[in-house]
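For reference, the chains in residue letters:
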Amino acid sequence: MNITLKQMSIFLLLWALTATCQDKCVVKPDAKPRVRVNATTAEGKKQLDLYAKGVKAMHGRAATDPTSWSYQAAMHGTYTTPVQPLWNTCQHGTYFFLSWHRMYIYFFEQLVRGASDPAFNLPYWDYDNPTSSTDPRLQLPAEFRNTSSPLYVSERNPSMNAGGYLPAGDVETNYSMSRMMFTCGATNWASSFGGKQVPSPIHFSSGFGALESLPHNAVHDDVGGWMSDPNTAAQDPIFWLHHANIDRLWDAWEKLDSGRTNNWDATWLDQKFYFFNEKKQQCYLTARDILDDAKQLGYTYENEKVPVPPTKVSCPPKKVTATTPRLLAELPPEKRTTLGAAPINVDIPVKETGLTPKKLTAAASPQRLVLTLDDIQFEKNPAVGYEIYLNLPKGEQPNYKSPYYAGTVHFFGLKHSREENHDAQLQFDVTDVVARLQKLGQWKDHVTVTYVPRGPTEPGKVAAAAEAKVAGTATIGRISLSEAD
Ligand code: C2O
């Protein structure tokens, strides 16, 4: 057999290429962690100037260059074909959500630094836990609304670009911070902080952990435009500051401690995810490389504090016997619910009476009650949220701080009519709501779900009681209330 020198060198070249693809990324953290600051501080404004410079430079690069703006955004998701290496790799609706996005924005930050200034550190959008519905932190930072800045995107919800405010209920953190466990396994993800346990990566699933639902998905829908669709979201420069904040809230949750548990498994810890480094080489990291962002990645956040939530949400206790979960109330799939611009009340027929199990309030580790919305369909993301209230009394103003509030329906990352394979189910852990209503004597054998549309508040207006501009209509199939299995 004759192997020519040319064949030999081609073989060697191929070998070298594959070897590069399999390399672990070299991460050299600064000894003193860099600080990712709040974008609206004086230092934040300086950082935004550097960011604008980097965004502009990256826009100027060829679409085939993995360090270009469009290529980086397409790694998250894109409608563009043919698909290039590492496109469409974002992880949604599973417990890989937080680890993948931490890596994604880490590499992006390096690329912006290279395109702009060595002093650049990705700032965060500090929208959480506002003091009022017109807290300026709920507005897009001014630079993003300046039409002559590279940070401006005209596709957003016009009200946000005009200085409108995110709905306050979408960004309070009690919902996520109350969660005690990173994952509750392959079921009951709504009771977890970080999402559904899965055996391998999934681009889109709907096993959202609490933080991914609120504020993550919510802010995507509220900003609207590109941000409301995972296949375009990362093209909007605000995407990256939103994700810096989500990453910061992960740190904040860990700092709350008092029993909060990162119950990761080897699958989560060892999964390799690939990115491009500044040299345009593909390389991978695993979650083990990013657990401690200060030590391993060399950055920290200016402020990693959030209010301590009033309640604690644990995973459901493991059942000793394998019984099917008790179905308490159900609206069958053929009675589809339509969500539009006005609030609606929907009665959910009770299947089993005795909706007041003592164990709910008495037990230290109560059985969890879960509200499940199945087969959610929409052509176009409505780009608002629907606050959910249980047994809201007639005449009572819906308010996310009231005892009746159970969570908010958001659409980002759910099945889209143009795609086929992912599920479109949302779950809400309503155990605490039911317990509160029991105490108020408002939890009898009837279940009414009220959906209240809520979009950004327009500048100069007070938060609308209950009427929202929706970008599309959504419908829900089956609605059920059951004990967690
Ligand atoms: Cu991968 Cu905020 O999205």
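Residues numbered from 1 in each chain as written. Predicted model: local features only at pLDDT ≥ 70, side-chain atom pairs only at ≥ 80, totals over all residues. Heavy atoms only, no water.

## Some points on the overall build of the protein
Check the secondary structure of the protein and you find 14 helices and 15 strands. A total of 485 residues make up the protein; the buried ones form 57% of that total. Taking the contacts inside the protein whose residues are at least 6 apart along the sequence as the reference set, 75% of them involve residues at least 24 apart. Total accessible area on the protein stands at roughly 20200 Å², and carbon and sulfur atoms take up 55% of it. (Helix = DSSP H or I, 4+ residues; strand = E, 2+ residues; numbered from the N terminus. Buried < 20%, exposed > 50% of the residue type's maximum accessible area, 1.4 Å probe, protein only. Contact = heavy atoms within 4.5 Å. Areas by Shrake-Rupley, 256 points an atom, 1.4 Å probe, with all protein chains shown as cover.)

## Examining the side chain of His243
The topology assignment puts His243 in helix 10 (residues 238–256). For His243, a relative accessible area of 2% gives the class buried. Not counting residues up to four positions away in its chain, the partners in contact with His243 are Phe97, His101, Ile105, His216 and His220.

## Brief notes about the state of the cysteines
In the structure shown here, the tally under the stated rule is two disulfides. The partner cysteine of Cys25 in its disulfide is Cys283, sulfur to sulfur 2.2 Å. Here the disulfide of Cys25 and Cys283 is right-handed, its torsion about the S-S bond being about 95°. You can see Cys25 sitting in the loop between helix 1 (5–21) and strand 1 (34–36) and its partner Cys283 sitting in strand 3 (residues 282–285), a full 258 residues away along the chain. As far as the burial class goes, Cys25 and Cys283 line up, both buried. (Disulfide = S-S within 2.5 Å.)

## Some thoughts on the pairing of strand 15 (residues 479–483)
Side-chain direction in a regular strand flips from residue to residue, so the side chains alternate between the two faces of the sheet. Counting buried residues along strand 15, five of its five residues qualify, which places the element largely inside the surrounding structure. Alternating positions in strand 15 separate into two faces, Ile479, Leu481 and Glu483 on one and Ser480 and Ser482 on the other, with burial throughout. Examined bridge by bridge, strand 5 (residues 327–331) and strand 15 share four bridges and lie antiparallel to one another. In the sheet register, Ala329 faces strand 15, and the bridge partner there is Leu481. (Pairing = 2+ DSSP bridges.)

## As for the nonpolar core
Among the nonpolar cores identified, the biggest contains 127 residues, and Tyr51 and Tyr451 are the most heavily contacted of them. Among the elements that line this core, the one with the most residues is helix 4 (residues 97–115), at twelve residues. The contact partners of Tyr51, leaving out residues within four places of it in the chain, are Trp69, Phe108, Val112, Phe120, Phe144, Leu151, Pro237, Trp240 and Leu241. (Core = buried A, V, L, I, M, F, W, Y, C linked by side-chain atoms within 4.5 Å.)

## Re the pairing of strand 11 (residues 405–409)
Counting buried positions along strand 11 gives five out of five residues, so the element sits mostly inside the fold. The sheet contact formed by strand 10 (residues 385–390) and strand 11 spans four bridges and is antiparallel. Paired with Glu387 across the two strands is Thr408, which belongs to strand 11.

## Some thoughts on the sheet that holds strand 5
Sheets are built from strands paired through backbone hydrogen bonds, the pairs being either parallel or antiparallel. A sheet is described by the order of its strands in space; here four strands give the open sequence 5-15-8-12, paired in antiparallel fashion. Unpaired on one side and paired on the other, strand 5 and strand 12 (426–429) mark the two borders of the sheet. The mean inter-strand angle of the sheet, taken between neighbouring strand axes irrespective of direction, is 15°. Both strand 8 (residues 369–373) and strand 15 contribute to a ladder of five bridges, which runs antiparallel. Residue pairing across strands places Thr372 opposite Ser480, the latter belonging to strand 15. (Axes fitted to C-alpha atoms, helices over the stretch in contact; angles between N-to-C directions.)

## A few points about unusual backbone geometry
The linkage connecting Thr81 with the following residue, Pro82, adopts the cis geometry, with an omega of -5°. Mapped onto the elements of the fold, Pro82 is located in the loop between helix 3 (69–76) and helix 4. Cis rather than trans, the peptide bond between Leu214 and Pro215 has omega equal to 5°. Tracing the backbone through its elements, the reader meets Pro215 in helix 9 (residues 210–223). Backbone geometry at Asn129 places phi at a positive 50°, although glycine is not the residue there. With respect to the element layout, Asn129 can be found in the loop between helix 4 and helix 5 (142–145). Positive phi values are uncommon outside glycine, yet Ser258 reaches one of about 35°. Structurally, Ser258 is set in the loop between helix 10 and helix 11 (266–270). Given the relative accessible area of 42%, Ser258 is considered partly exposed.

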